[in-house]
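The chain contents come next:
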Amino acid sequence: MPQKKWLPALSFAVIVWFVVILCFRFFGQTVLLPPASAALSPLRFCLLEGVTAILLYLVAWCYGKFDRSPEAGRRLAVIGSATGLGLDAFVFWNHELFLPGWSYDQLLSFAVWLCFAYALYLIIPFLALRTNRL
């Protein structure tokens with residue numbers, strides 16, 4: 001694959017990952033509750049994933065403005081997920097640096113959110129850009 005094709009997707013992936021990590025660094029302790037918490041409900045979790053899906057759709061829409069090729073959605077989904085998973089592995093490895101003061105229960109909640117978020121990251125850009133009409 002020529003460099004011109006994957007560089008925009010990689011750039012978007014790093015920017016998305018950076019914004020997400022910053023948001024969770026500042027707001028994560030209030031958004032992510034420990035799994036045993038009484039305040040944690042399926043509705044709250046679905047709301048968080050719904051907001052994630054909407055934001056991913058907006059990212060795909062913005063990416064669709066830069067890359068109008070038929071493979072844009074697939075490229076963003078695969079390169080974005082692979083890049084994010086690699087960077088998140090580094091975050092978990094050094095969680096004291098990136099997410100200071102988080103308990104292991106909050107890290108577990110973050111990992112569960114990540115699993116669902118990356119499933120959405122593999123699906124939403126592909127579906128949003130498959131017709132190339134965004």
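For the structure, check the block above.
Residues numbered from 1 in each chain as written. Predicted model: local features only at pLDDT ≥ 70, side-chain atom pairs only at ≥ 80, totals over all residues. Heavy atoms only, no water.

**Details of the overall build of the protein**
- The helix and strand inventory of the protein stands at five helices and zero strands.
- Its C-alpha atoms give the protein a radius of gyration of 16 Å, near enough to 14 Å, the size a compact globule of 134 residues would have.
- Here the C-alpha coordinates of the protein stretch approximately 45 × 30 × 20 Å along the principal axes.
- Across the 134 residues in the protein, those meeting the buried criterion constitute 37%.
- In the protein, of all internal contacts separated by at least 6 residues, the share reaching a separation of at least 24 is 80%.
- Of the roughly 8,100 Å² that the protein leaves accessible, carbon and sulfur atoms contribute 75%. (Helix = DSSP H or I, 4+ residues; strand = E, 2+ residues; numbered from the N terminus. Rg over C-alpha atoms; globule rule 2.2 N^0.38 Å. Buried < 20%, exposed > 50% of the residue type's maximum accessible area, 1.4 Å probe, protein only. Contact = heavy atoms within 4.5 Å. Areas by Shrake-Rupley, 256 points an atom, 1.4 Å probe, with all protein chains shown as cover.)

**Examining the layout of surface pockets**
- A volume near 640 Å³ is recorded for the largest pocket.
- Taken together, the elements giving at least two residues each to the lining of the largest pocket come down to helix H1 (3–31), helix H2 (42–66), helix H3 (72–93) and helix H5 (104–129).
- Looking at which element gives the most residues to the lining of the largest pocket, the answer is H1, with 12 residues.
- Across the lining of the largest pocket, the residue classes tally to 23 nonpolar, four polar and two charged. (1 Å grid on protein atoms, 1.4 Å probe; cavity = no way out; pocket = protein on both sides within 12 Å on 5 of 7 lines; lining within 4 Å. Points joined across faces, edges and corners; volume = space filled by probe spheres on them. Nonpolar A, V, L, I, M, F, W, Y, C, P; charged D, E, K, R; others polar.)

**Regarding the nonpolar core**
- Judged by nonpolar contacts, the single largest core of 29 residues is most densely connected at Leu32, Leu99, Trp102, Phe110, Trp113 and Tyr121.
- If one sorts the elements of this core by residue count, H5 sits on top with nine residues. (Core = buried A, V, L, I, M, F, W, Y, C linked by side-chain atoms within 4.5 Å.)

**Here's the deal with the packing of aromatic side chains**
- Following the criterion strictly, the structure yields 11 aromatic pairs and no others.
- Seen from their ring centres, Phe90 and Phe98 are 5.7 Å apart, and the 75 degrees between their planes marks the pair as edge-to-face.
- On the basis of relative accessibility, which here comes to 41%, the residue Phe90 falls in the partly exposed class.
- Following the ring pairs from residue to residue traces out a cluster consisting of Phe24, Phe92, Trp102, Phe110 and Trp113. (Phe/Tyr/Trp six-rings, centres within 6.5 Å; stacked < 30°, edge-to-face > 60°.)

By themselves, these observations are geometric and do not establish any function.
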